[in-house]
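Each chain, letter by letter, is given below.
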Amino acid sequence: MTTDLILGTAGHIDHGKTALVKALTGVDTDRLPEEKLRGITIELGFAQLVLGDCRLGIVDVPGHERFVRNMLAGATGIDLALLAVAADDSVKPQTREHLEILRLLNLKEGVIAVTKCDLPDPGWLELVEEEVRELVKGTFLESAPIVQTSVLTGQGLNELREALSAAAIRAARDAGRRRQGGPFRMAVDRSFTIAGHGTVVTGSVASGQVRVGDELVLEPSGASVRVRGLQNHETPTDELHRGQRAAINLAGVRHDEIGRGQELATPGHLAASRLLGVQLNLLKSAERPLKNRAHVRCHLGTAELLATVVLLDRDRLAPGEAAPAQLFLSEPAVAVWGQPLVVRSESPMETIGGGVVLDPHPPKLARDDEDALAQLTKLASAEPIERASAAVYFLGLGDWKPGDLSRSAGVDETEETVAELLRRGEIQELPLSPTRKLRVHRLVLEQLYGRIETLLDKEHQKFPLRAMLDRAPLAARLGYLGSDVLVEAILAAMQRAGRLKATERGVALPGRGPQLTNSEQRLVAQIIETYRAAGFQPPTVEELRAQTAKNQQAVPQLVALAAAEGHLIEAAPGLYLHAENERKLRETLAEPLAAESGLTVSQIRELLGISRKHAVPWCEYLDGIGFTRREGDLRRLAAQPAAGPVANS
Ligand SMILES: Nc1nc2c(ncn2[C@@H]2O[C@H](COP(=O)(O)OP(=O)(O)OP(=O)(O)O)[C@@H](O)[C@H]2O)c(=O)[nH]1
Ligand SMILES: [Mg+2]
């Protein structure tokens with residue numbers, strides 16, 4: 001089976017990268033007139049090299065220090081590197097910088113070519129090899145083969161092919177694990193128009209596959225585009241996949257709307273953000289520490305963005321150190337968990353560090369937020385379940401699907417992982433409706449409950465004699481959550497957890513409100529029971545007081561308390577119904593009231609089996625809440641009966 005991989009060149013200017021690609025493939029990748037004139041590479045060049053079962057799409061990059069940004073755009077999608085060091089020049093600044101960039105991009109495989117070996121004497125060659133070995137010590141190229149080559153004499157070219165082939169086989173094992181399937185994603189490194197065809201973009205396919213006719217989105221704008229045609233190294237094809245160079249002819253987008261830095265992806269795979277959560281490291285070779293709020297250039301995929309670095313756990317990052325940070329980008333960008341990035345300084349323009357994306361779509365974090373920092377550390381864990389838990393924490397009260405965890409936590413078995421987190425109680429379900437529930441991290445709920453408890457505690461202190469606090473002001477304070485349904489769901493969850501008492505109108509913290517003596521508590525329970533048992537013919541408060549043996553003077557207050565707690569409903573001044581009986585009242589009357597003929601007070605009285613003394617106030621109460629409509633002596637069911645008792649206090 002053929003394996004496709006991308007090979008990128010690297011090395012200082014004039015060190016023979018392009019000449020080597022030409023010697024290996026026959027293709028001169030320096031195409032631009034300016035490149036021909038100056039004898040240097042400026043833009044990325046492309047060629048293909050087939051080595052046994054491996055098909056290598058080659059990206060030839062420029063070595064000039066002014067074009068490192070182009071090198072970065074080419075290096076972003078590569079699987080293995082060919083580092084060229086000229087025998088007559090040895091290790092030079094961009095040899096080092098390109099190597100650092102490849103390390104920051106987390107590259108694992110490569111081959112070193114000492115080029116132009118026809119030039120210096122053999123003794124000098126040994127010195128160059130020594131310098132190269134010293135350079136790559138401790139890097140992914142530490143044990144890479146060093147091949148001496150010359151494109152003039154043909155020296156070492158076969159050996160180089162073999163070395164590349166072996167490196168490709170090793171890289172393929174690693175690449176195979178990386179999303180051969182999965183959603184399609186490609187960072188655009190070039191775009192142009194072809195007469196009669198329209199817009200064409202090129203790039204190295206980072207994951208998944210693409211077919212002619214596919215609908216894709218262009219990120220970060222999210223615009224829909226359709227694949228009209230595909231080519232791989234000038235050859236038309238129906239399908240392209242990870243590890244291949246792709247030229248994609250697009251319908252639905254103008255040439256000037258698309259360019260380097262944008263990405264093409266399967267709809268729903270990526271989500272643009274101006275903020276990234278990262279683990280940032282500063283190279284040992286960086287000249288000075290990186291201060292909090294420093295401005296840098298961030299290279300992510302083929303995009304180059306200005307970014308402000310917010311260091312989350314320190315004020316400055318010393319050379320050689322790594323720390324969690326948030327990058328505030330000048331424009332939205334797309335990323336996935338674990339994606340590498342490179343950071344360069346503005347002046348002098350040089351590579352100073354890099355990092356990996358921990359959260360591609362984070363909320364803004366406060367610098368002293370210990371909880372968030374702990375979760376960010378968990379996102380760097382090798383355990384997918386730990387990362388998934390932390391990713392859900394940062395998703396907060398947002399709506400998400402298990403599949404999103406592939407992007408935000410690098411998790412493959414997303415459904416299973418979510419099920420396990422639910423089982424562990426790390427994630428909890430918040431029902432929003434019978435069919436919709438939000439999955440929220442335990443700590444997010446805990447923080448929210450804490451905030452609500454603090455709000456209610458203040459209210460209880462302000463109104464020590466109130467059994468229940470009004471619900472409306474609390475809901476207003478929680479308005480920032482953005483949805484009444486969500487607020488209700490959170491209060492209901494708190495109630496289920498025994499952390500809140502709630503009625504239709506009121507809320508209270510358990511154990512707060514007026515403190516009753518034991519005998520008062522017994523009496524209030526007895527009063528509530530009396531009202532329940534009395535059905536539609538309850539006593540007036542005055543009658544109840546007269547019936548009570550002990551503590552008579554407390555009766556009116558305790559009745560009011562029971563009403564505030566939602567057990568009783570005050571239908572008329574001094575006349576209460578148990579909440580259950582109030583509901584029964586409406587249920588019993590709804591059907592007969594709906595009849596054509598309506599009901600008179602007498603008929604209602606008979607239906608309920610009660611006297612006029614109660615029938616009249618109940619009828620007036622039902623008119624008042626909009627349940628019934630009065631027409632002369634008749635009452636009818638109102639067109640839209642109220643769903644429940646309405647506040648009349
Ligand atoms: N004698 C000799 N000259 C070489 C060899 N390889 C390349 N050159 C010459 O070195 C010069 C630079 O070669 P390129 O291949 O353009 O170098 P490069 O690394 O691609 O340069 P940039 O892309 O600009 O960074 C050219 O004039 C080549 O002819 C070689 O093996 N022997
Ligand atoms: Mg070149």
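None of the values given here were measured: they were computed from a predicted structure.

Trainee: Teacher, can you tell me more about the overall build of the protein here?
Mentor: A tally of regular secondary structure across the protein gives 19 helices and 32 strands. Seen through its C-alpha atoms, the protein measures out along the principal axes to roughly 120 × 55 × 40 Å. For the protein, the proportion of its 649 residues judged to be buried stands at 50%. For the protein, the share of sequence-separated contacts (at least 6 apart) that also reach a separation of at least 24 residues comes to 65%.

Trainee: Just checking my understanding: could you explain the packing of helix H17 (residues 579-594) against helix H18 (residues 601-608) for this structure?
Mentor: The geometry of a pair of packed helices is captured by two quantities: the angle between their axes and the separation between those axes. The interhelical angle for the contact between H17 and H18, taken along N-to-C directions, is 125°, at an axis separation of 11 Å. Judged on the interaxial angle alone, H18 and H17 are oblique. Between H17 and H18 the crossing geometry is right-handed. Between H17 and H18, the residues in contact are Leu585, Thr588, Leu589 and Pro592 and Ile604, Leu607 and Leu608, respectively.

Trainee: Sorry, what's going on with the packing of helix H3 (residues 68-75) against helix H4 (residues 93-104) here?
Mentor: It is the contact of H3 with H4, at a shortest axis distance of 11 Å, that shows an interaxial angle of 35°. The handedness of the crossing between H3 and H4 comes out as right-handed. Along its contact with H3, which presents Val68, Met71, Leu72 and Ala75, the element H4 presents Gln94, Glu97, His98, Ile101 and Leu102. Each residue belonging to the contact of H3 with H4 can be placed in one class, and the counts come to six nonpolar, two polar and one charged.

Trainee: Can you help me understand the sheet that holds strand S26 (residues 469-470) in this one?
Mentor: Two strands in a sheet stick together by hydrogen bonds in their backbones, pointing the same way (parallel) or opposite ways (antiparallel). Ordered by their spatial adjacency, three strands build an open sheet running S26-S28-S27, and the pairing between neighbours is antiparallel. The sheet is open, and its two borders are formed by S26 and strand S27 (501-502), each paired with just one other strand. For S26 and strand S28 (residues 506-508), the ladder comprises two bridges, and the chain directions are antiparallel. Of the residues in S28, the one forming a bridge with Leu469 is Val507.

Trainee: Looking at this structure, I do not really get the coordination of the magnesium ion (ligand 2). What am I missing?
Mentor: Each donor-metal-donor angle in an ideal tetrahedron of four donors is 109.5 degrees, and each such angle in an ideal octahedron of six donors is either 90 or 180 degrees. Only Thr18 (OG1) and Thr41 (OG1) from the protein reach the magnesium ion (ligand 2) as donors, at distances of 1.9 Å. Within this pair, whereas Thr18 is found in helix H1 (residues 17-25), its partner Thr41 is found in the loop between helix H2 (33-38) and strand S2 (45-51), the two being separated by 23 residues in sequence. The exposure class assigned to Thr18 is buried, which follows from its relative accessible area of 13%.

Trainee: Please explain the pairing of strand S30 (residues 575-578) as it appears in this structure.
Mentor: Working note: regular strand, side chains alternate between the two faces of the sheet. Burial of the side chains of S30 extends over both faces: Leu575 and Leu577 are buried on one face and Tyr576 and His578 on the other. When strand S29 (residues 568-572) meets S30, the two strands line up antiparallel, connected through four bridges. What sits directly across from Glu570, in S30, is Tyr576.

Conventions adopted
Residues numbered from 1 in each chain as written. Chains lettered and ligands numbered in written order. Predicted model: local features only at pLDDT ≥ 70, side-chain atom pairs only at ≥ 80, totals over all residues. Heavy atoms only, no water. Helix = DSSP H or I, 4+ residues; strand = E, 2+ residues; numbered from the N terminus. Buried < 20%, exposed > 50% of the residue type's maximum accessible area, 1.4 Å probe, protein only. Contact = heavy atoms within 4.5 Å. Axes fitted to C-alpha atoms, helices over the stretch in contact; angles between N-to-C directions. Parallel < 35°, antiparallel > 145°, perpendicular 65-115°, else oblique. Left-handed = near helix turned anticlockwise from the far one by under 90°. Nonpolar A, V, L, I, M, F, W, Y, C, P; charged D, E, K, R; others polar. Pairing = 2+ DSSP bridges. Donors = N, O, S within 2.8 Å, 3.2 Å for Na, K, Ca; no water.

Such coordinate-based values are descriptive only and should not be taken to indicate function.
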